[in-house]
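Residue-level structural notes
What follows is each chain in one-letter form.
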Amino acid sequence: MNLQNFLVPYIISNVFSLALIFVCARWFKAGKIVWSVIFVAAGAFNIFTAFTSPHIYVEAYGPSAVLPFYRDFIYGAFSRYTALYVTLIGVGQITTAGLLLLSHRTFRLGILGGILFLLAIAPLGLGSAFPCTLLMAVSLVLLWRKGQSGEKPAF
């Protein structure tokens, strides 16, 4: 995988993550809704793709993994049980969106889960549109802080 083949999606992902920072810093409610949509869409896409074309994940993320531990895992256990791993990731993404982020009581747990997930996929390098995932994690931190401030949502 090289940047030339993925330049447009790479740029779009990183510009989107910058826009997400702006939204989450400014509008608490809009940030929650956008993040919920992102997690539901990503989870649904991952579950669907896990059953229809699981090999894509190994082909896309194996070569782009920056850390040897990640590469070894992708070409090892992950390659043998790709559909299972990706389905579990998808379920986790949907859970983060629907059950955790949207509920007042579990909002912080959803934010924490989202941040940990984004940091965990950052070492996939180009496969995760790095530094997109770090920027997205920043947007979740800003959303958390916006929610903690107690101010009335502007949106």
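Residues numbered from 1 in each chain as written. Predicted model: local features only at pLDDT ≥ 70, side-chain atom pairs only at ≥ 80, totals over all residues. Heavy atoms only, no water.

**So, the packing of helix α1 (residues 7–26) against helix α7 (residues 132–148)**
Put simply, the rule is: Lines are fitted to the C-alpha atoms to define the axes, a helix being fitted only along its stretch in contact, and any angle between axes, read from their N-to-C directions, falls within 0 to 180 degrees. Only DSSP runs of H or I covering at least 4 residues are called helices, and only runs of E covering at least 2 are called strands; the numbering of each starts at the N terminus. Note on angle classes: values under 35 degrees are labelled roughly parallel, values over 145 roughly antiparallel, values of 65 to 115 roughly perpendicular, and the remainder oblique. For this analysis, residues touch if any pair of their heavy atoms sits within 4.5 Å. Three categories are distinguished: nonpolar for Ala, Val, Leu, Ile, Met, Phe, Trp, Tyr, Cys and Pro, charged for Asp, Glu, Lys and Arg, and polar for the others, with Gly belonging to the last.
Between α1 and α7, whose axes approach to 8 Å, the crossing angle comes to 10 degrees. Relative to α7, the element α1 lies roughly parallel. Note on element contacts: α7 touches α1 through C132, L135, M136, V138, S139, L142, L143 and K146, opposite S13, N14, F16, S17, L18, L20, I21, C24, A25 and R26. In terms of residue class, the contact of α1 with α7 is built from twelve nonpolar, four polar and two charged.

**Here we look at unusual backbone geometry**
Residue F130 is joined to P131 through a cis peptide bond whose omega torsion reads 10 degrees. Locating P131 in the fold gives a position in the loop between α6 (107–121) and α7. Here A129, not a glycine, exhibits a phi torsion of approximately 60 degrees, which is positive. As for its position among the elements, A129 is in the loop between α6 and α7.

**Quick notes on the packing of aromatic side chains**
Convention followed: For Phe, Tyr and Trp, rings pair up if their centres lie within 6.5 Å, where Trp contributes its six-membered ring, and each pair is then called stacked (planes under 30 degrees apart), edge-to-face (over 60) or tilted (otherwise). Remark: exposure states derive from per-residue accessible area (1.4 Å probe, protein chains only) relative to the maximum for the residue type, with buried under 20%, exposed over 50%, and partly exposed in between.
Applying the stated criterion across every chain yields a total of eight aromatic pairs. Both rings, one in Y57 and one in Y61, keep their centres 6.1 Å apart while their planes meet at 35 degrees; by these two values the pair is tilted. Here Y57 and its partner Y61 are both found in helix α3 (residues 55–61), four residues apart, which amounts to about one turn of the helix. Its relative accessible area of 25% is what places Y61 among the partly exposed residues. The rings of F73, F78 and Y85 are connected pair by pair, giving a single aromatic cluster.

**Let's talk about the confidence of the model for the chain**
As a reminder, the rule being used: Across the chain, each position has a pLDDT score giving the predictor's confidence in that residue, from 0 to 100.
Across the chain, pLDDT averages 92, with 94% of residues at or above 70. The least confident element of the chain, judged by mean pLDDT, is helix α5 (residues 82–101) at 92; the most confident is helix α4 (residues 68–80) at 98.

**Remarks on a nonpolar patch on the surface**
The following threshold applies: Only residues above 30% relative accessible area that lack a salt bridge enter a patch, with like-charged residues linked at up to 9 Å and the nonpolar side chains Val, Leu, Ile, Met, Phe, Trp and Tyr linked at up to 5 Å. Calculation of accessible area relied on Shrake-Rupley with a 1.4 Å probe; when residues are assessed, cover is drawn exclusively from the protein chains displayed. Each salt bridge in this description consists of a side-chain nitrogen of Lys or Arg and a carboxyl oxygen of Asp or Glu lying within 4 Å of one another.
Side chains of L7, I11 and V15 sit close together on the surface and give an oily, nonpolar patch of about 250 Å² of accessible area. Looking at where V15 falls in the secondary structure, it is placed in helix α1.

**A few points about α1**
The test is simple: Given a helix with a known number of residues, its expected span is that number minus one, times 1.5 Å.
Compared with an ideal rise of 1.5 Å per residue, which puts 20 residues at 28 Å, α1 spans 29 Å between its outermost C-alpha atoms and is within 8% of the ideal. Along α1, the residues that are buried comprise N14, S17, L20, I21, V23 and C24. Residues of α1 that are buried in the fold lie against α2 (28–52) and α7.

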